[in-house]
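Spelled out, the chains give:
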Amino acid sequence: MFKAKILFIGPNESGKTVLANFLSDTVENVEGEYRPTRAVRILEFESQPGGSGDNAKCEVELWDCSGDFKFESCWPAMLKDSSGVVIIFNPDVPGHLKEIETWYSMFVSSQGLQDKQCLLLAHHKPGSKVEDGRLPLASHLGRLPLFHSNLDEKSEDVRQAFSTYLGNIVYSMSESREREEMSIIT
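Residues numbered from 1 in each chain as written. Predicted model: local features only at pLDDT ≥ 70, side-chain atom pairs only at ≥ 80, totals over all residues. Heavy atoms only, no water.

1. Overview of the overall build of the chain
- Each helix and strand in the chain was counted, giving four helices and six strands.
- Secondary structure elements of the chain occur, N-terminal to C-terminal, as β-α-β-β-α-β-α-β-β-α.
- Relative to the 2.2 N^0.38 estimate, which gives 16 Å for 186 residues, the radius of gyration of the chain is 16 Å and therefore close to what a compact globule would have.
- The C-alpha extent of the chain, read off along each of the three principal axes, is 55 × 35 × 30 Å.
- Counting the 186 residues in the chain, one finds 45% classified as buried.
- Partitioning the intrachain contacts of the chain with sequence separation of at least 6 by distance along the chain shows that 73% fall at a separation of at least 24.
- Summing over all exposed atoms, the chain offers an accessible surface of approximately 10200 Å²; the carbon and sulfur share of this is 49%.
- Here the chain holds 19 positive side-chain charges and 28 negative ones, and the gap between their average locations is 4 Å. (Helix = DSSP H or I, 4+ residues; strand = E, 2+ residues; numbered from the N terminus. Rg over C-alpha atoms; globule rule 2.2 N^0.38 Å. Buried < 20%, exposed > 50% of the residue type's maximum accessible area, 1.4 Å probe, protein only. Contact = heavy atoms within 4.5 Å. Areas by Shrake-Rupley, 256 points an atom, 1.4 Å probe, with all protein chains shown as cover. Lys, Arg positive; Asp, Glu negative; His and termini not counted. Charge placed at Lys NZ, Arg CZ, Asp CG, Glu CD.)

2. Notes on the side chain of Ser 66
- Checked against the element boundaries, Ser 66 lands in the loop between strand S3 (58-65) and helix H2 (75-79).
- Here Ser 66 falls in the buried class, since its relative accessible area comes to 3%.
- At 3.1 Å, the side chain of Ser 66 and the backbone oxygen of Thr 37 are in polar contact.
- One polar contact links the side chain of Ser 66 to the main-chain amide nitrogen of Asp 68, over a distance of 3.0 Å. (Polar contact = N/O pair within 3.5 Å; in protein donor to acceptor, adjacent residues only side chain to side chain.)

3. Observations concerning helix H1 (residues 16-23)
- Burial of H1 is extensive: six of the eight residues sit out of reach of the surface.
- At the C-terminal side of H1, Asp 25 shows a positive phi close to 55 degrees.

4. Topic: the pattern of salt bridges
- This structure, assessed with the given rule, holds eight salt bridges.
- For the salt bridge of Arg 41 with Asp 64, the shortest nitrogen-to-oxygen distance reads 3.0 Å. Remark: Asp 64 occurs in strand S3 and Arg 41 occurs in strand S2 (residues 40-47); sequence separation between them is 23 residues. Side by side, Arg 41 and Asp 64 carry an identical accessibility label, which is buried.
- Here Lys 80 makes a salt bridge to Asp 81, at a shortest N to O gap of 3.5 Å.
- Through salt bridges with shared partners, one network takes in Lys 3, Glu 44 and Glu 61. (Salt bridge = Lys/Arg side-chain N within 4 Å of Asp/Glu carboxyl O.)

5. Things to note about the nonpolar core
- Counting 26 residues, the largest nonpolar core has Leu 7, Ile 9, Val 85, Ile 87 and Phe 107 as the members making the most contacts within it.
- Only strand S1 (2-9), S3, H2, strand S4 (84-89), helix H3 (94-107) and strand S5 (118-123) provide two or more residues apiece to this core.
- For this core, the element with the most residues is H3, which contributes five residues.
- Contacts of Phe 107, omitting those with residues within four sequence positions, involve Leu 7, Ile 9, Trp 75, Leu 79, Val 85 and Leu 113.
- Phe 8, Leu 19, Phe 45 and Leu 121 belong to the second largest nonpolar core, which has 24 residues in total. (Core = buried A, V, L, I, M, F, W, Y, C linked by side-chain atoms within 4.5 Å.)

6. Let's talk about the packing of aromatic side chains
- Enumeration over the complete set of coordinates arrives at seven aromatic pairs.
- Each ring, one from Trp 75 and one from Phe 107, has its centre 5.1 Å from the other, and the planes form 55 degrees; the classification is tilted. Taken together, the residues span a long stretch of sequence, with Trp 75 in helix H2 and Phe 107 in helix H3 at a distance of 32 residues. The pair Trp 75 / Phe 107 is uniform in exposure class, with both members buried. (Phe/Tyr/Trp six-rings, centres within 6.5 Å; stacked < 30°, edge-to-face > 60°.)

See the structure below:
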């Protein structure tokens, strides 16, 4: 069974914790009040990656990372051995579109992650005014898969999109393992 370490990163108040709790079936009694994550929360659960027709399960270690730059000194440790990165932002907050460029630079391009190991998630909170459509993203972010999430109206679509993304991660891990094994043999 593969074990995937997935980082949830992005600006403050973008919905990272809500999505992490939803995908891991973790219930927290927050009663709608915002509580920023301190440094990181690690959630572990099993999930079936999309495209794994043989009912294969994957252990997921989901790192719900704080969006506060005061924890920047912790980021190298968080990045160590990560399998993928999900950049979560709120499309209703104009500054988030610019800020995700910084997150991409620090967590994706500086680490040499491939585009298929990344996912942009535009999280729509209740009462969102932004439509599910094209967003004015920087050209390098436009290459990444983008999914619009709305837990009130399309929660199962969110779960399916994460499963598909996880399938891409497991496939990349499998390819990497095969290359490593072949280099040992030859």
